[in-house]
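Structural overview
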Amino acid sequence: MKIGIVSLGCSKNLVDSENLLSLLKNSDQEIVSKYEEAEAIIINTCGFIESAKKEAIDTILQMSDYKLYGSCKYLIVMGCLAQRYQKDLTEEMPEVDRFIGIYEYNNLGNILSDILKVKIINNYGKTVRTLSGKPWMAYLKIAEGCDNKCTYCSIPLIRGKLCSRKLEDLLIEATQLAKMGVKELNVIAQDTTRYGLDIYGERRLLELLEKLNEIEGIKWIRILYMYPDEVDEKLIKGMAKLDKVLPYFDIPVQYGNDELLKMMNRRGSVESIKKTINLIRETFKSPVLRTTIIVGFPNETEKHFEDTLKFIEEVKWDRLGGFTYSKEEDTPAYNMKNEVEDYIKVDRLNRLMKLQEKIVEEKNNFYINKELEVLIEGYDALSNRYRGRSILSAPDGVDSEVYVISNKELNQGDFVNVKITKVKKHDLIGEIKE
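Here's a quick rundown of the structure. Counting of residues starts from 1 at the beginning of each chain's written sequence and follows it residue by residue. Totals for whole chains, interfaces and linings use all residues, but because this is a predicted model, local features are given only for residues with pLDDT of at least 70 and pairs of side-chain atoms are given and counted only at 80 or more. Hydrogens and water are ignored here; the side-chain numbers use all heavy atoms of the structure.

Bringing the sheet that holds strand β14 (residues 371-380) into the picture now. Spatially, the 5 strands close up into a barrel ordered β14-β15-β16-β18-β17, and their pairing is mixed. Adjacent strand axes in the sheet meet at a mean angle of 50°, parallel and antiparallel pairs treated alike. Strand pairing requires that DSSP identify at least two bridges connecting the strands. Strands are runs of DSSP state E lasting at least 2 residues, helices are runs of H or I lasting at least 4, and numbering of each runs from the N terminus. Axis angles are defined between N-to-C directions and span 0 to 180 degrees, where every axis is a line fitted to C-alpha atoms and, for a helix, only to the segment in contact.

Rendered as structure tokens:
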């Protein structure tokens, strides 16, 4: 059967889609990129915040047209949206043949067999993933769910409690990925720093990194989604001893005022975050620090926001993503009083990002006339330059790129040394060092 796959949402959802691809290919089904040719379309959705839910609904409606005007006979929706609103969606969207919740994935093969009337092996997540993106980069999802219970977050409602994968299974998968040609491994979870706590009774992220560091073929190991108070001295000092583990710290702090952090049910304080950042900068010569900030949370005042701006100015994050608060039903924050008006949220977000742009410009100027190792990922014919990423940037499209001028032909997936010569907003421009 010809099947089209639509994957929405974050990198963790992408891993689920890649496991689905593997399941279908191992069952001798044909994956097609043109949806008008597909006999079945499967949409893997996100349901984290309002904008993601809207995108998912719009995509479902768009794909349902292929049942009217294309070859599509079956429309299937899985993922976070299906998990969270399965009953309501089933009643409201009869054009969808089946909504499959996340907790049903262990029986996904049998469910798809019943719907599609073809034999699908029931071994989801038990075979080598089919990478859907760049063959030199892959995500390694080390756990599902989250135990942090932030008052604004719906993830525990959708994905459940922390559920770590066994260390030996992760090492097998990482070794398989390396044999497939993966050079950059990005370690992900809702909270990577709590890895192992549920099944081993202790955090074992550092032990995992030590063993991943030994795998032949892997060159870069990057950790994403680190909870601030779990980034302790042992982890920081341990990472510094591992040559493949990049000094890239993605630490979503969410705010810069203790009163608001408490309302968000975030552990730690602004002062403890600063101490962690200082320790990282004392340990590594040029670490990369990335974070996210939520503006417009209920009860946020101008004073709270000004404190956050001062915090950002003091820490000077290398990368920062700003978001307006999204009110999510069934979360503790949903019924909080003193909501912030939308126009104030937008104004504060603009002020936050304007400050961050200034910081990034100062940060980027530091790299002029310095050398960076760059992973080549494409070629821009208009500017006659190659595009790539250094250790400064994760592959999720949030961070900047490096544009490379070279007289010799470069291949995608190559690592090259580049001398930075110019700065263009968030991006860097450089030349190959002969």
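Moving on, we come to the packing of helix α12 (residues 302-315) against helix α13 (residues 342-365). Interhelical geometry of α12 versus α13 gives an angle of 15° and a closest axis separation of 10 Å. Judged by the inter-axis angle, α12 sits roughly parallel to α13. The crossing of α12 and α13 is right-handed. Each of Glu 302, Phe 305, Glu 306, Leu 309, Ile 312 and Glu 313 in α12 lies in contact with α13, whose residues at this interface are Arg 348, Arg 351, Leu 352, Leu 355, Gln 356 and Ile 359. Residues are grouped as follows: nonpolar covers Ala, Val, Leu, Ile, Met, Phe, Trp, Tyr, Cys and Pro; charged covers Asp, Glu, Lys and Arg; every other residue, Gly included, is treated as polar. For the contact of α12 with α13, a count of residues per class yields 6 nonpolar, 1 polar and 5 charged. Roughly parallel refers to an angle under 35 degrees, roughly antiparallel to one over 145, roughly perpendicular to one between 65 and 115, and oblique to any angle outside these ranges. Left-handed describes a crossing whose near helix is turned anticlockwise from the far helix through less than a right angle; right-handed describes the clockwise counterpart. Residue contacts are counted whenever heavy atoms from the two residues lie within 4.5 Å of one another.

As for its position among the elements, Gln 29 is in the loop between α1 (11-25) and β2 (30-31). If near-sequence neighbours (up to four positions away) are discounted, Gln 29 is found in contact with Met 1, Ile 3, Leu 24, Val 118, Lys 119 and Ile 120.

Right, let's get into the sheet that holds strand β1 (residues 2-7). Sheet strands pair by backbone hydrogen bonding; their relative direction is either parallel or antiparallel. Spatially, β2-β1-β3-β4-β5 is the arrangement adopted by the 5 strands of the open sheet, whose pairing is parallel. Because the sheet does not close on itself, it has two edges, and the strands there are β2 and β5 (98-100). Note that strand β3 (residues 40-45) and strand β4 (residues 74-79) share 6 bridges and pair parallel. Residue pairing for β4: Ala 40 is matched across the bridge by Tyr 74.

Let us look at the pattern of salt bridges. Criterion for a salt bridge: a side-chain nitrogen of Lys or Arg within 4 Å of a carboxyl oxygen of Asp or Glu. In this structure the tally under the stated criterion is 41 salt bridges. Here Glu 329 makes a salt bridge to Lys 53, at a shortest N to O gap of 3.6 Å. Of this pair, Glu 329 sits in the loop between β13 (319-324) and α13 while Lys 53 is found in helix α2 (residues 50-69), placing the two residues 276 residues apart along the sequence. Of the charged contacts in the structure, one is a salt bridge between Glu 339 and Lys 327, with a shortest N-O distance of 2.8 Å. Of the two residues, Glu 339 is situated in the loop between β13 and α13 and Lys 327 in the loop between β13 and α13; the sequence distance between them amounts to 12 residues. Throughout, exposure labels follow a simple rule: accessible area from a 1.4 Å probe, protein chains only, divided by the maximum for the residue type, with under 20% read as buried, over 50% as exposed, and the rest as partly exposed. In this structure Glu 339 comes out as partly exposed when scored by relative accessible area, which is 48%. According to the relative accessible area criterion, Lys 327 is partly exposed, its value standing at 34%. One network of salt bridges, in which partners are shared, links Arg 194, Arg 203, Asp 229, Glu 230, Asp 232 and Arg 267.

A few words on the pairing of β13. Across 6 bridges, the pairing between strand β12 (residues 288-295) and β13 is parallel. If you follow Ile 293 over to β13, its bridge partner there is Gly 322. Once the chain exits β12 it traverses α12 before rejoining the sheet at β13, and the crossover so formed is right-handed. With the strands aimed away from the viewer, a crossover counts as right-handed if its path from the first strand over the helix to the second runs clockwise.

Regular strands show a simple pattern: their side chains alternate between the two faces of the sheet. Residue alternation in strand β10 (residues 220-223) divides its side chains into two sets, Trp 220 and Arg 222 and Ile 221 and Ile 223, and both sets are buried. Sheet topology places β10 next to strand β11 (residues 245-250); 2 bridges connect them, and they run parallel. Looking at β11, one finds that Ile 223 is bridged to Phe 249. Between the parallel pair β10 and β11, the chain is carried across by helix α9 (residues 233-240), and the sense of this crossover is right-handed.

Nothing here speaks to function; it is geometry throughout.
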